[in-house]
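# Breakdown of the fold
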Amino acid sequence: MSELEKVLVTVSNAAAFTANQNLLREAGCIQKLTGLLRAHNMATRVGFASSDTVVKALTQTISNMAVNEENQKQMRDCIPALIDMTVSDDTTEVAQLSSLQALTNLSVTSTNHGQYTRLIQKLYEYVDGAPDSVRLQALRVLVNLSCNEDMVPHLLAAKAPQCVLSLLSPAEDENCVLRWTTILANVIHMVKEKGFSAASLPVDSKAPSPETMYTALYSLQNVTQLRSKVFVLCRSANEDIKTQASRLYSCF
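Residues numbered from 1 in each chain as written. Predicted model: local features only at pLDDT ≥ 70, side-chain atom pairs only at ≥ 80, totals over all residues. Heavy atoms only, no water.

### Side note on the overall build of the protein
- Of the regular secondary structure elements, the protein holds 14 helices and 0 strands.
- Along the protein, from the amino end to the carboxyl end, the secondary structure elements read α-α-α-α-α-α-α-α-α-α-α-α-α-α.
- Whereas a compact globule of 252 residues would reach a radius of gyration of roughly 18 Å, the protein reaches 19 Å, a difference of no more than 12%.
- When its C-alpha atoms are laid out on the principal axes, the protein stretches across 60 × 35 × 30 Å.
- Of all 252 residues assigned to the protein, the portion counted as buried reaches 52%. (Helix = DSSP H or I, 4+ residues; strand = E, 2+ residues; numbered from the N terminus. Rg over C-alpha atoms; globule rule 2.2 N^0.38 Å. Buried < 20%, exposed > 50% of the residue type's maximum accessible area, 1.4 Å probe, protein only.)

This is the structure we're talking about:
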């Protein structure tokens, strides 16, 4: 274990407690962590990436610090670096997962959601084809974003994952089904409540019209299938899935 990893593990363990989170913030820890993230990303771009264990310790420290709402106000500068790490083709699965865990905690409140718009497409790609742990963590971030009405047009404008309908199946992993059903319930409820339409989608981040999430949810071809799949989930033995599926079904 390198000296840096030892320090990060120690700080990460300390940051598991609220009192320590405040002390670390006041000592300038957030700025140091942001600097380390940027240094890692810069090194990766030139072929000298940090070890996965160091990256994991770094992002775990950020995750622990991010559960403190006061800390989140000062962690805005961490988010672009974490997103850079997440979307990079050079990032390992371990680093992808750990960066997504940090981004999940940083998106619990809507304060910094505006910075996540360029991540949405990559999250949908992870929902489609990432290893199970990364897929589930991507879904957790999407759940947080889907609670924010300002983010819903961006979620609808991105290219839909191919599994948009197939993930609504009792045969899929229950954790993934629950989160995907929750995302769709949040999004479709918001569309109904706020009157969003295809014209509401942001042009700068919009996929070609036939490929958008909006089209995947509202095309005549898909609506019937979507309603049918959600109807089945309304009878799920998993009470959480049943609740979210019922929320979603009530929007039709």
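Now that the structure is up, let's keep going.
### Points about the nonpolar core
- Within the largest apolar cluster, 80 residues are counted, with the highest numbers of intra-cluster contacts made by I62, Y116, L156, W180, M213 and L217.
- It is helix α11 (residues 174-194) that contributes the most residues to this core, 11 residues altogether.
- Those residues in contact with M213, other than ones at most four positions away along the chain, are Y124, L155, L156, A158, A160, P161, V164, W180 and L184. (Core = buried A, V, L, I, M, F, W, Y, C linked by side-chain atoms within 4.5 Å. Contact = heavy atoms within 4.5 Å.)

### Examining helix α14 (residues 239-249)
- When α14 is considered as a whole, its buried residues turn out to be I241, Q244, A245 and L248. End-on, the buried residues of α14 take up no more than an arc of 100°, which puts them together on one face.
- For α14, the secondary structure elements touched by its buried residues are α11 and α13 (220-233).
- Its side-chain oxygen 2.9 Å from the backbone nitrogen of D240, N238 forms the N-cap of α14. (Arc of directions from axis to C-beta. Polar contact = N/O pair within 3.5 Å; in protein donor to acceptor, adjacent residues only side chain to side chain.)

### Focus on the side chain of S107
- As for its position among the elements, S107 is in the loop between α7 (93-106) and α8 (120-129).
- Given a relative accessible area of 0%, S107 falls into the buried group.

### Examining the pattern of salt bridges
- Scanning the entire structure with this criterion turns up 7 salt bridges.
- Two residues, R118 and D84, come together in a salt bridge whose shortest N-O distance is 2.9 Å. Linking R118 in the loop between α7 and α8 with D84 in helix α6 (residues 78-87), this pair joins segments that are 34 residues apart in sequence.
- The network of salt bridges with common partners includes E149, E193 and K194. (Salt bridge = Lys/Arg side-chain N within 4 Å of Asp/Glu carboxyl O.)

### A few points about the packing of helix α9 (residues 132-146) against α11
- Closest axis-to-axis distance for the α9/α11 pair is 9 Å, and the angle between their directions is 25°. Between α9 and α11, the crossing angle belongs to the class labelled roughly parallel. At the point where α9 passes α11, the crossing takes the left-handed sense. Contact with α9, carried on its side by R135, L136, L139, R140, L142, V143 and S146, involves N175, C176, R179, W180, T182, I183, N186, V187 and M190 of α11 and no other residues of that element.
- Here the residues of the contact of α9 with α11 sort into 9 nonpolar, 4 polar and 3 charged. (Axes fitted to C-alpha atoms, helices over the stretch in contact; angles between N-to-C directions. Parallel < 35°, antiparallel > 145°, perpendicular 65-115°, else oblique. Left-handed = near helix turned anticlockwise from the far one by under 90°. Nonpolar A, V, L, I, M, F, W, Y, C, P; charged D, E, K, R; others polar.)

### Notes on the layout of surface pockets
- Volume-wise, the largest pocket comes out at about 170 Å³.
- Around the largest pocket, the lining is made up of 13 residues, and of these A160, P161, P210, E211 and A216 lie nearest the centre.
- Among the elements of the structure, α12 (213-218) and α13 are those that each provide at least two residues to the lining of the largest pocket. (1 Å grid on protein atoms, 1.4 Å probe; cavity = no way out; pocket = protein on both sides within 12 Å on 5 of 7 lines; lining within 4 Å. Points joined across faces, edges and corners; volume = space filled by probe spheres on them.)

### Some remarks on the packing of helix α3 (residues 29-45) against α6
- At a minimum axis distance of 9 Å, the contact between α3 and α6 shows a crossing angle of 30°. Judged by the angle between their axes, α3 and α6 are roughly parallel. Seen along the crossing, α3 lies across α6 with a hand that is left-handed. Of α6, the residues touching α3 (which contributes T34, L37, R38, H40 and N41) are C78, A81, L82, D84 and M85.
- Here the residues of the contact of α3 with α6 are counted per class, giving 5 nonpolar, 3 polar and 2 charged.

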